[in-house]
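Okay, here's what each chain looks like letter by letter:
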Amino acid sequence: MNHTEISVEFFPPQTPEGVEKLRATRAKLAELKPEFFSVTYGAGGSTPERTFAIVREIAAEGLSAAPHLSCIGSTRESIRAILDEYKAENIRRIVALRGDLPSGTGDAGEFRYANELVEFIRKETGDHFTLEVAAYPEWHPQARSPADDLAAFVKKVKAGANSAITQYFYNADAYFHFVDSVRKQGVDIPIVPGIMPISGFSKLARFSDACGAEIPRWMRRKFEGFGDDADSIKAFGLDVVTELCERLLAGGAPGLHFYCMNQAALTTEICKRLKIA
Ligand code: FAD
């Protein structure tokens, strides 16, 4: 067994059944002893209250919980109120994001970019929170250029981020290149690769197009060739994602952050293959 640090991301379920199922998922994944479980915020129409409810449950189980917090569309006052709640619950880690406004929503609020949120949290709460920020090895889809995106990332770090979690990707070289570029800017915080296990192909392809993560052609063609054969898709997905993790860890990645999609099986199997306790 090795001591690779992992973390796992959940989204807040929409139904009581989903919440119950997540408890079982969490119990299973807790066996992997993740450094923390993070909980998304505001994505896919979920409400801040749902994030908070799951975060509170995780903390009550004695596990480390890291709520995501996105700032677009928010006021300083509303963010301050959320920070106060998290402080009162002794939450010590936040994933600080800009987030995306739902299309058609006009008011961008008082924050424009994640670096402003990081700066605000530091100003309001000092060193209470460990702050994680997002990183994009294949570049953020709205970035004007890689150079601008890199500069924006450095700005977030200089504002007070402790660590970064990347968007998922299937091309290890993109990660290594990103880390090299960031180090050349004098940034030395850990950049933890985000890992998306593959349970199916068509949904993943749609999602990847939207968030700017590339599924390499050779993988895409293989998946397409499997048609509806779910077992082959799963087996191939497990092989490629495990190999990706091996390459990342061998190349110096400081840990792995799993986008588990509230399911335990694939993350558990990948960690088993990687011999992560
Ligand atoms: P930023 O770092 O602000 O960057 C956004 C864009 O603006 C980039 O193109 C960047 O180059 C540019 N930019 C940044 N700063 C500046 C600046 N100062 N001046 C000019 N340009 C700038 N979304 C959710 O809604 N909820 C979640 O819980 C969630 N969790 C996530 C977790 C991770 C690990 C990741 C990688 C993404 C997550 N997202 C989530 C998605 C994220 O909110 C979107 O990708 C969003 O579009 C950007 O957020 P950000 O914090 O990276 O923004």
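No experiment lies behind these values; they were computed from the predicted model shown.

1. Section: the environment of Ser-199
Line of reasoning, step 1. On the secondary structure map, Ser-199 appears in the loop between strand S7 (191–195) and helix H7 (202–211).
Line of reasoning, step 2. Discounting chain neighbours no more than four positions away, the residues touching Ser-199 are Ile-233 and Leu-266.

2. Let's talk about the pairing of S7
Along a regular strand, successive side chains alternate from one face of the sheet to the other.
Line of reasoning, step 1. Burial runs high along S7: five of the five residues are buried.
Line of reasoning, step 2. What you see with S7 is no split at all: Ile-191, Pro-193 and Ile-195 on one side and Val-192 and Gly-194 on the other are buried throughout.
Line of reasoning, step 3. Strand direction decides the pairing type here: strand S6 (residues 163–168) and S7, joined by three bridges, are parallel. Directly across from Tyr-168, in S7, lies its bridge partner Gly-194.
Line of reasoning, step 4. At this point the chain moves from S6, through helix H6 (residues 172–184), to the parallel S7, and the crossover so formed is right-handed.
Line of reasoning, step 5. Looking at chain direction, S7 and strand S8 (residues 256–259) are connected through two bridges and run parallel. Bridge pairing in S8 links Gly-194 to His-257.

3. Points about unusual backbone geometry
Line of reasoning, step 1. Phi at Trp-139 takes a positive value of approximately 75°, unusual for a residue other than glycine.
Line of reasoning, step 2. Topologically, Trp-139 is positioned in the loop between strand S5 (130–135) and helix H5 (146–158).
Line of reasoning, step 3. The phi torsion at Met-261 lies on the positive side, around 55°, for a residue other than glycine.
Line of reasoning, step 4. Structurally, the position occupied by Met-261 is in the loop between S8 and helix H10 (265–274).

4. Here's the deal with the site of the ligand
Line of reasoning, step 1. In the region of the ligand, 24 residues are neighbours, and Tyr-41, Arg-98, Asp-100, Tyr-136 and Asp-149 sit closest.
Line of reasoning, step 2. Between Asn-115 and the ligand, the recorded distance is 3.1 Å, taken from a side-chain N or O atom to a nitrogen atom.
Line of reasoning, step 3. Within the contact set of the ligand, an oxygen atom lies 3.3 Å away from a backbone nitrogen or oxygen of Ala-143.
Line of reasoning, step 4. Here the ligand, which alone exposes 960 Å², has 87% of that area covered by the protein.
Line of reasoning, step 5. Every element with two or more residues in the shell around the ligand is listed here: helix H4 (114–125), H5 and S6.
Line of reasoning, step 6. Sort the elements by how many residues they give to the shell around the ligand and H5 lands first, with four residues.

5. Observations regarding the nonpolar core
Line of reasoning, step 1. Counting 89 residues, the largest nonpolar core has Leu-69, Ile-94, Ile-121, Phe-153, Tyr-170 and Leu-248 as the members making the most contacts within it.
Line of reasoning, step 2. With sequence-adjacent residues up to four places away left out, Tyr-170 is seen in contact with Met-196, Ile-198, Leu-204, Glu-214, Ile-215, Pro-216, Met-219, Val-241 and Leu-244.

6. Things to note about empty space enclosed by the protein
Line of reasoning, step 1. Following the criterion strictly, the structure yields one cavity of 30 Å³ or more and no others.
Line of reasoning, step 2. Of the pockets and cavities examined, the largest cavity occupies roughly 40 Å³.
Line of reasoning, step 3. Lining the largest cavity are Tyr-136, Pro-137, Glu-138, Trp-139, Gln-167, Tyr-168, Phe-169, Cys-211, Gly-212 and Ala-213.
Line of reasoning, step 4. Residue composition of the lining of the largest cavity, by class: seven nonpolar, two polar and one charged.

7. Section: the sheet that holds S7
Line of reasoning, step 1. One closed barrel holds the eight strands; their spatial order is S1-S2-S3-S4-S5-S6-S7-S8, and the pairing between them is parallel. Going across the sheet, the axis of each strand differs from the next one's by a mean of 30°, ignoring polarity.
Line of reasoning, step 2. Sheet topology note: the strand S4 (residues 93–97)/S5 ladder contains four bridges and is parallel. By the bridge assignment for S5, Ile-94 is matched with Leu-131.
Line of reasoning, step 3. Sheet strands in contact with helix H2 (residues 48–60) are strand S1 (6–10), strand S2 (36–39) and strand S3 (65–70), and its direction is about 165° off that of S3.
Line of reasoning, step 4. Strands S5, S6 and S7 of the sheet are contacted by H6, whose axis makes an angle of about 160° with S7.

8. Brief notes about the side chain of Ser-208
Line of reasoning, step 1. Inspection of the secondary structure assignment puts Ser-208 in helix H7.
Line of reasoning, step 2. On the basis of relative accessible area, Ser-208 is assigned to the buried category, the value being 1%.
Line of reasoning, step 3. If we ignore the near neighbours within four places in the chain, the residues touching Ser-208 are Tyr-168, Ala-213 and Ile-215.

About the cut-offs
- Throughout, residues of each chain are indexed from 1 in the direction in which the sequence is written.
- Totals for whole chains, interfaces and linings use every residue, but because this is a predicted model, local features are given only for residues with pLDDT of at least 70 and side-chain atom pairs only at 80 or more, for both listing and counting.
- Only heavy atoms go into the side-chain values, all of them from the structure, while hydrogens and water stay out.
- In this text, helices come from DSSP runs of H or I with a minimum length of four residues, and strands from runs of E with a minimum of two, each type numbered from the N-terminal end.
- Throughout, a contact is declared for two residues whenever any of their heavy atoms are within 4.5 Å.
- Burial here depends on accessible area, computed with a 1.4 Å probe over protein chains only, as a share of the maximum for the residue type. Under 20% is buried, over 50% is exposed, and the range in between is partly exposed.
- Here, strands pair whenever DSSP counts at least two bridges between them.
- A crossover gets the label right-handed when its path from the first strand over the helix to the second runs clockwise, viewed with the strands pointing away from the viewer.
- Nearness is defined per residue: one heavy atom within 4 Å of the molecule or strand is enough.
- Polar contacts here mean pairs of N or O atoms no more than 3.5 Å apart (in protein, one a potential hydrogen donor and the other a potential acceptor; neighbouring residues in sequence count only if both atoms are side-chain atoms).
- Working definition of accessibility: Shrake-Rupley area with a 1.4 Å probe, residue cover restricted to the visible protein chains.
- Residue types Ala, Val, Leu, Ile, Met, Phe, Trp, Tyr and Cys, when buried and joined through side-chain atoms within 4.5 Å, form a set referred to as a nonpolar core.
- Only protein atoms enter the 1 Å grid used here, on which a cavity is any set of points holding a 1.4 Å probe that cannot leave and a pocket is any open set flanked by protein within 12 Å on both sides along at least five of seven lines; residues with an atom within 4 Å of a point are listed as lining.
- Grid points are joined across faces, edges and corners, and a volume is the space filled by probe spheres set on the points.
- Polar here means any residue other than Ala, Val, Leu, Ile, Met, Phe, Trp, Tyr, Cys and Pro, which are nonpolar, and Asp, Glu, Lys and Arg, which are charged; Gly is therefore polar.
- The convention used is that axes are lines fitted to C-alpha atoms, helices contributing only their stretch in contact, and that angles between N-to-C directions extend from 0 to 180 degrees.

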